[in-house]
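Each chain, letter by letter, is given below.
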Amino acid sequence: MSARILRRIATGWSGGLLLAALLVGGSTLAGEPPPVRLDSTADHSKYKELQQEFASGPELTKVCLSCHTEAAKQVHRTKHWTWDFLNPENQQRLGKKNVINNFCISVPSNYAFCTSCHVGYGWKDASFDFSAEENVDCLVCHDTTGSYRKLPGLAGHPPYKDVEIPPGSGKIAKAVDLSRIAQKIGKTSRDTCGACHFFGGGGDGVKHGDMDSSLASPDKEVDVHMDATGLDFTCGTCHKTASHDVPGSRYTPVGKDKGGAHMRGKEDKSNPATCQACHGLSPHKDSGMAAKLNHHTDKIACQTCHIPAIARGGVATKMSWDWSTAGRLTPDGKPMIKKDDKGRVIYDSKKGDFTLGENVVPEYAWFNGKVSYTLLGDKRSRTPKA
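Residues numbered from 1 in each chain as written. Predicted model: local features only at pLDDT ≥ 70, side-chain atom pairs only at ≥ 80, totals over all residues. Heavy atoms only, no water.

Colleague: Explain the nonpolar core residue by residue, including any values.
Modeller: Grouped together as the largest cluster of nonpolar side chains are 27 residues, with contacts concentrated most on Leu50, Phe54, Leu60, Trp81, Leu139, Tyr148 and Leu178. When contributions to this core are tallied by element, the ones reaching two or more residues are α3 (57-67), α4 (71-75), α7 (139-142) and α8 (178-182). Here the element with the most residues in this core is α3; it accounts for four residues. Setting aside residues up to four positions removed in sequence, Tyr148 forms contacts with Tyr121, Asp137, Leu139, Val140, Asp143, Pro158, Val176, Leu178 and Ile181. (Core = buried A, V, L, I, M, F, W, Y, C linked by side-chain atoms within 4.5 Å. Buried < 20%, exposed > 50% of the residue type's maximum accessible area, 1.4 Å probe, protein only. Helix = DSSP H or I, 4+ residues; strand = E, 2+ residues; numbered from the N terminus. Contact = heavy atoms within 4.5 Å.)

Colleague: If you had to explain the sheet that holds strand β8 (residues 352-357) to someone new, which residues and values would you point to?
Modeller: An order of β5-β8-β7-β6 is seen for the four strands of this open sheet, with the pairing classed as antiparallel. Strands at the two margins of the open sheet, each flanked by one partner only, are β5 (317-322) and β6 (337-339). Sheet twist, expressed as the average angle between the axes of neighbouring strands with direction ignored, equals 20 degrees. As defined by bridge partners, strand β7 (residues 345-348) adjoins β8 across two bridges and the pair is classed as antiparallel. Bridged to Tyr347 within β8 is Asp353. (Pairing = 2+ DSSP bridges. Axes fitted to C-alpha atoms, helices over the stretch in contact; angles between N-to-C directions.)

Colleague: Tell me what's going on with the side chain of Ser189, and back it up with residues and numbers.
Modeller: Note on placement: Ser189 falls in the loop between α8 and α9 (190-197). Residue Ser189 is classed as buried on the basis of its relative accessible area, which comes to 8%. Reaching out from Ser189, the side chain makes a polar contact with the backbone nitrogen of Asp191 at a distance of 3.2 Å. (Polar contact = N/O pair within 3.5 Å; in protein donor to acceptor, adjacent residues only side chain to side chain.)

Colleague: Describe the pattern of salt bridges, with residues and values.
Modeller: Counted according to the given criterion, the structure contains 11 salt bridges. A salt bridge links Arg93 to Asp84, with the nearest nitrogen and oxygen atoms 2.6 Å apart. The salt bridge partner of Lys150 is Asp137, with a shortest N-O separation of 2.8 Å. Here Lys150, found in the loop between α7 and β3 (163-164), pairs with Asp137, found in the loop between α6 (111-114) and α7; they are 13 residues apart in sequence, far enough to count as distant. A cluster of three or more residues bridged by salt bridges with shared partners is formed by Asp340, Lys342, Arg344 and Glu358. (Salt bridge = Lys/Arg side-chain N within 4 Å of Asp/Glu carboxyl O.)

Colleague: Explain the state of the cysteines to me, and be specific about the residues and the numbers.
Modeller: Here a disulfide denotes one covalent bond, and it connects the sulfur atoms of two cysteines. If you walk through the whole model with that rule in mind, you get zero disulfides. Here Cys64 is not cross-linked by a disulfide; its sulfur's nearest cysteine counterpart is in Cys138, at 4.1 Å. (Disulfide = S-S within 2.5 Å.)

Colleague: So what's going on with the confidence of the model for the protein chain? Residues and values would help.
Modeller: Of the residues in the protein chain, 91% reach a pLDDT of 70 or more, and the chain-wide mean stands at 88. When the criterion is pLDDT under 50, residues 1-26 qualifies, and its contacts beyond four places in sequence or with other chains add up to 45 contacts. (pLDDT = per-residue confidence, 0-100.)

Colleague: Got a sec to walk through the packing of aromatic side chains? Specific residues and values, please.
Modeller: Per the counting criterion, the structure on display carries 11 aromatic pairs. With a centroid separation of 5.0 Å and an interplanar angle of 50 degrees, the aromatic rings of Trp83 and Trp123 are classed as tilted. Of the two residues, Trp83 sits in the loop between α5 (79-82) and β1 (85-86) while Trp123 sits in the loop between α6 and α7, which places them 40 residues apart along the sequence. The burial state of Trp83 is the same as that of Trp123; both residues are buried. (Phe/Tyr/Trp six-rings, centres within 6.5 Å; stacked < 30°, edge-to-face > 60°.)

Following this line, the structure appears as structure tokens:
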């Protein structure tokens, strides 16, 4: 088996990690090195501290921190932990904890549900202790088994016992095996990042039409970089992380990246996840008609041509969400759910009407990179009547 194939096993679906570990260096020829894991410098299944039953996530985290002494302190400094961000340009206090939107409204409206995607345990109200190191959830980013799952309404905790969800549905979410998962932890993957980012807003592709479960193992047509049989990028390939701080922010977008390609060894504090960070300011061939395309990059975003539509992987995204229609009941007074001909929910008594779309062509507009958010408590200016 070629080294190229082995690399894809090791960096693709998380379930392939163990297979790669068994195969790499596995020849029995005399003089060959013994089998070795290449995805990590440690085999956590060999640590006796992890070979026990854990009653909760915080209990396990304390064991993790006995070796990784600085990990929680690093996480505490990140946006993934604080959900808080101060825009340096206009001094707006942003971050998921502070902003409001017309889909989910805001985090304080339903802490226990929203924080099921927090990288911590127990954030159920405004009294959450952000300084407690044991509240950091190590597994949510480092699980490789695919069996770690946080349930909505548990304030960031996974199920520690079998739970019927939704209540009365007969569907059982099995308790997670914290010990087994901890013994198989590894690097982050599309699966771990996607567990939250693909399903934000309560469903697959709900909030972000360009991020959904189709990116778990996409083909080239869906994503040329993450193509599972091609470049096979993970999220971290572009969002290169240091000290648990994932670079890139939705709250400080750039209208134009003027920095060009990043160079190793050169100090660079700009966003490494833009197109120009890898491809430079002149990405097209500098000859013939292709040279003209480089003039386009002065004013036109790369995505305009190279991502001509969103929700392209077979997963529809929500285009609109009308809360005002929530509350309708069946003739016998019970909550109801309506689905379209593809089995997708388009009405929920608890949430209102939804409009879904696939292969949606965006509406294009000129953008200078500056965004001012309407925040809770802001006063509305009213135009006086004539």
